[in-house]
Amino acid sequence: MADQEEEELRMAMRMSMQQHESPEPKRSKPWENAGCPAELVEESPEVKSRKVQRELMAAAAERRMLATRGSAAGQVAEKSVEKDLGDRAEEQKATSMGDPEVEKNLRLGEQLSPEAANQLFLMVFGNQVTRDILAQWSNQGIRFSSDGETSMGLVQHEGGPCGVLAAIQAIVLKYIIFLPEELGKPTINMPHNLVPRRSCKSEYVAPDDLFDSLTEDRKSRALVSSMVEILFLCGSNKRAVIATLSILDLTTDGTEDTLKDEGFAKALQDLSIESGSDLQNVLRVGTYTSQASAFQRLEAMIPVFRSRMGAMLFLISALLSRGLDFIQADRDDPSQSLVTAPFGHASQEIVNLLLCGEAVAHVFDGRMDLGGGMFLKGISTNVEVGFLTLLESLNFCKVGQYLKCPKWPIWVIGSESHYTVLFALSTSVQDENEFEGRETQIRRAFDAQDQSGGGGFISVEGFHQVLKETCINLPPEKLDHICSSGFIVWSEFWQVLLDLDKSFGGLKDSTGLMGKKVFDLYHFNGIAKSDLNGCQTTPGGETPLQRPRLTKLRVSVPPRWTPEEFLADVKLPSDSSSKETVVEVAKSEPPQHAPLVDCIRTRWARATCNWVGDPPSIV
């Protein structure tokens, strides 16, 4: 009996091989990748259906044969077969007319192996996760706020998944504010390249009423575009894995019109995920190598991600896009769960994965060599949107220039327990004058030699390397004084640079042309909080309205090297060549303070902020 079954499996594989050897025109990649028009290949529906069935049979046969061998090589081959099957399913979904079972398999995707599902569950939640944490992550959809003033924002009802929502929110804002033309296209074949199409070096200012004119369709397309971008970023720009639920088979007949929020929410009422086994039973995954196909798939599956399982499904999609083995290799301590105990917050590794494509635990630039072959990994490249944290103002960490100065003026803001988003409507807020550009150059060279974990000091040997790279010529007495302690602290070095003439590589400028910057930033907190401004109450008028918060801040940045002039409100010379964003204000409002201001000051030193209404909250 076993021999007969083995022979049947081999016969199925030979059928597939014979089909590939036939002289019929064929394609091994989606047409959008191969660059060949589909009209050149004409096949009857029957031939297409038979091709799909033969390939599915062959793939299933090969997986069963590999499972019986149980070798390491077989496991690698099995992953390859699953990937190939996902690619075939992607390109043939539209032409798989015939067998309903074939259409069902192509629609739902592949099931994870028990081993992979268990590894995934333990990686995310650990083996001592509480029901409360699981409930937080199983009850958070990816939905826009229904409140008119914050309709551009994703609303959070549960604690924990805010790191996932904030990262998606940041990319959504990138598309809404700075790439609006991307959202106006009725059809998109290759929706969104990971390289921005508008250079952020040229100034772009979005209108103040931008959010008032947003339609549901534009918001939805911005969301799908953002999800595609993040997943391909995690997949090294080569692939995106999209996780959905097997429950789809109970709620849909395969058409987009039948995938409705109400019916899907009802089907999820009794669904719970408390183990790797539960994950393996309900999870289905598909791999996409074409951004266009991934866009179409996510667009059709938006109700799934709006459901209460949405945040967890997107996190799983990002982890699988990166690859579980690569995730573990990124981390400093793979034994810890990505969702942190005891409150179930998203770890910095999750946020970094969604922002830069690697699940590293640190926010400094590059990596830090600890000696003995040990090192800590930080951010390795430029990013689209950045990250600032209150912990830096408390001297617990050091955010590097990659995250502080992203391509677009949008930052995820981290506090001790929550993630929110800070953004500008103008790219000019990151424009640097000569002084600031020089400071950035010197600071980057200094940080490259900082092996203190963000403590802000370097060795004498590293200091000499900084002086060489930045062409700074310190007088001998200054050099001896600053090196006398055996290590160099950034704050002391900075004061020396402020007093050193520009001709020697310093920053002193007697012209006094460094004006004060004044610009606007916006802060969005997606968690539903009470609005206490007095004008928003429930219909009964008894309790404040629970809604997300959007706060506009006026930010003033003083002349960095002449704080005394800033405090005295000294006017700039009339021949100042400063930009529009660099202005002098004779009289300013008294500065206001909130923890968010401390975060902003890690990006713009000594900045002061003003706002109307309640203080912006980062918790």
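This structure is a prediction, so every number in the text was calculated from the model and none was measured.

## Thoughts on the overall build of the chain
Looking only at helices and strands, one finds 25 helices and 14 strands in the chain. Sequence separation of at least 24 residues holds for 70% of the intrachain contacts in the chain that already meet a minimum separation of 6. Accessible surface computed for the chain: about 29,100 Å², of which carbon and sulfur atoms make up 52%.

## Here's the deal with the environment of Arg 549
Following the sequence through the fold, Arg 549 ends up in strand 13 (residues 546-557). Sequence separation of Arg 549 and Asp 147 is 402 residues, and the distance between their C-alpha atoms is 9.8 Å. A polar side-chain atom of Arg 549 sits 3.3 Å from a polar atom in the side chain of Thr 551.

## Comments concerning the packing of helix 6 (residues 114-125) against helix 15 (residues 310-322)
Between helix 6 and helix 15, whose axes approach to 12 Å, the crossing angle comes to 110°. Classified by the angle their axes make, helix 6 and helix 15 are roughly perpendicular. The handedness of the crossing between helix 6 and helix 15 comes out as right-handed. Contact with helix 6, carried on its side by Leu 120, Val 124 and Phe 125, involves Met 312, Leu 315, Ile 316 and Leu 319 of helix 15 and no other residues of that element. Looking at the contact of helix 6 with helix 15, its residues break down into 7 nonpolar, no polar and no charged.

## Brief notes about helix 17 (residues 348-356)
Of all 9 residues in helix 17, 9 are buried, a share of seventy percent or more. Phi turns positive, to about 90°, at Gly 357, one or two residues after helix 17.

## Considering the pattern of salt bridges
Two side chains with opposite charge may pair up if their charged atoms get near one another. Considering all chains together, one arrives at 17 salt bridges under this definition. Among the ionic pairs, Lys 404 bridges to Glu 392, the shortest N-O distance being 2.8 Å. You can see Lys 404 sitting in helix 19 (residues 401-404) and its partner Glu 392 sitting in helix 18 (residues 390-393), a full 12 residues away along the chain. In this structure, the salt-bridge partner of Lys 552 is Asp 520, at a minimum N-O distance of 3.7 Å.

## A few points about unusual backbone geometry
Pro 342 follows Ala 341 through a cis peptide bond whose omega is 5°. As for its position among the elements, Pro 342 is in the loop between strand 3 (339-340) and strand 4 (345-346). Unusually for a residue other than glycine, Asn 395 sits at a positive phi of about 65°. Summarising the element assignment, Asn 395 is placed in the loop between helix 18 and helix 19. On the basis of relative accessibility, which here comes to 72%, the residue Asn 395 falls in the exposed class.

## Describing the packing of aromatic side chains
Going through the model one piece at a time under the given rule, you end up with 13 aromatic pairs. Plain terms: the ring middles of Phe 121 and Phe 125 are 5.4 Å apart, the flat faces sit at 50° to each other, and that makes the pair tilted. One end of the pair is Phe 121 and the other is Phe 125, both in helix 6 and 4 residues apart, which spans about a single turn. Phe 125 gets classed as buried once you look at its relative accessible area, which sits at 7%. Centre to centre, the rings of Phe 519 and Trp 604 are 5.1 Å apart; their planes meet at 55°, and the pair counts as tilted. You can see Phe 519 sitting in strand 12 (residues 517-530) and its partner Trp 604 sitting in the loop between helix 25 (595-601) and strand 14 (608-611), a full 85 residues away along the chain. For Phe 519, a relative accessible area of 6% corresponds to the buried category. What links up through ring pairs into an aromatic cluster is the set Phe 446, Phe 463, Trp 490, Phe 493 and Trp 494. Sitting over the ring of Tyr 402, Arg 444 keeps its end group 5.4 Å from the ring centre.

## A few points about the state of the cysteines
Covalent bonding between the sulfur atoms of two cysteines defines a disulfide. In this structure the tally under the stated criterion is 0 disulfides. Left unpaired, Cys 234 is separated from the closest cysteine sulfur, that of Cys 356, by 8.6 Å. On the basis of relative accessible area, Cys 234 is assigned to the buried category, the value being 0%.

## Digging into the nonpolar core
Counting 102 residues, the largest nonpolar core has Phe 211, Phe 314 and Phe 423 as its most contacted members. Non-local contacts of Phe 211, meaning those with residues more than four positions away in its chain, are made with Ser 151, Met 152, Leu 173, Ile 176, Ile 177, Phe 423, Leu 425 and Leu 550. Grouped together as the second largest cluster of nonpolar side chains are 22 residues, Leu 422, Leu 553, Val 557 and Cys 599 included.

## Here's the deal with the pairing of strand 1 (residues 240-245)
Among the 6 residues of strand 1, 6 are classified as buried, and the element is accordingly described as predominantly covered. Side-chain alternation along strand 1 places Ala 240, Ile 242 and Thr 244 on one buried face and Val 241, Ala 243 and Leu 245 on a second face that is also buried. Sheet topology note: the strand 1/strand 2 (residues 283-288) ladder contains 6 bridges and is antiparallel. From the neighbouring strand, Thr 244 faces strand 2, where its bridge partner is Arg 284.

## Here we look at the packing of helix 9 (residues 216-234) against helix 17
When two helices pack together, their arrangement is given by the angle between the helix axes and the distance between those axes. One can describe the packing of helix 9 onto helix 17 by two numbers: an axis separation of 7 Å at closest approach and a directional angle of 105°. Taken together, the axes of helix 9 and helix 17 lie roughly perpendicular to each other. In this structure, helix 9 uses Ile 230, Leu 233 and Cys 234 to contact helix 17, whose residues at the interface are Leu 353, Leu 354, Leu 355 and Cys 356. Here the contact of helix 9 with helix 17 is composed, by residue class, of 7 nonpolar, no polar and no charged.

## Some words on helix 15
Helix length check: helix 15, at 13 residues, gives a terminal C-alpha distance of 19 Å against a target of 18 Å (1.5 Å per residue), a fit within 8%. With 13 of 13 residues buried, helix 15 is to be regarded as a mostly interior element. One or two positions beyond helix 15, positive phi appears at Gly 323, with a value near 100°.

## A few points about the confidence of the model for the chain
The share of residues in the chain with pLDDT of 70 or more is 67%, and the mean pLDDT across the chain is 77. Counting contacts from residues 65-106, a segment whose pLDDT is below 50, to residues more than four positions away or on other chains yields 58 contacts. Here residues 562-586 scores under 50 on pLDDT; set against residues more than four positions off or in separate chains, the count is 37 contacts.

## Points about the side chain of Arg 284
Mapped onto the elements of the fold, Arg 284 is located in strand 2. Buried and without a salt bridge, Arg 284 has Glu 110 as its closest oppositely charged side chain, separated by 8.2 Å. A polar contact of 3.2 Å, which involves the side chain of Arg 284, links it to the backbone oxygen of Asn 281.

Quick notes on the rules
- Residues numbered from 1 in each chain as written.
- Predicted model: local features only at pLDDT ≥ 70, side-chain atom pairs only at ≥ 80, totals over all residues.
- Heavy atoms only, no water.
- Helix = DSSP H or I, 4+ residues; strand = E, 2+ residues; numbered from the N terminus.
- Contact = heavy atoms within 4.5 Å.
- Areas by Shrake-Rupley, 256 points an atom, 1.4 Å probe, with all protein chains shown as cover.
- Polar contact = N/O pair within 3.5 Å; in protein donor to acceptor, adjacent residues only side chain to side chain.
- Axes fitted to C-alpha atoms, helices over the stretch in contact; angles between N-to-C directions.
- Parallel < 35°, antiparallel > 145°, perpendicular 65-115°, else oblique.
- Left-handed = near helix turned anticlockwise from the far one by under 90°.
- Nonpolar A, V, L, I, M, F, W, Y, C, P; charged D, E, K, R; others polar.
- Buried < 20%, exposed > 50% of the residue type's maximum accessible area, 1.4 Å probe, protein only.
- Salt bridge = Lys/Arg side-chain N within 4 Å of Asp/Glu carboxyl O.
- Phe/Tyr/Trp six-rings, centres within 6.5 Å; stacked < 30°, edge-to-face > 60°.
- Lys NZ or Arg CZ within 6 Å of the ring centre and 35° of its normal.
- Disulfide = S-S within 2.5 Å.
- Core = buried A, V, L, I, M, F, W, Y, C linked by side-chain atoms within 4.5 Å.
- Pairing = 2+ DSSP bridges.
- Expected span 1.5 Å × (residues − 1).
- pLDDT = per-residue confidence, 0-100.
- Lys, Arg positive; Asp, Glu negative; His and termini not counted.

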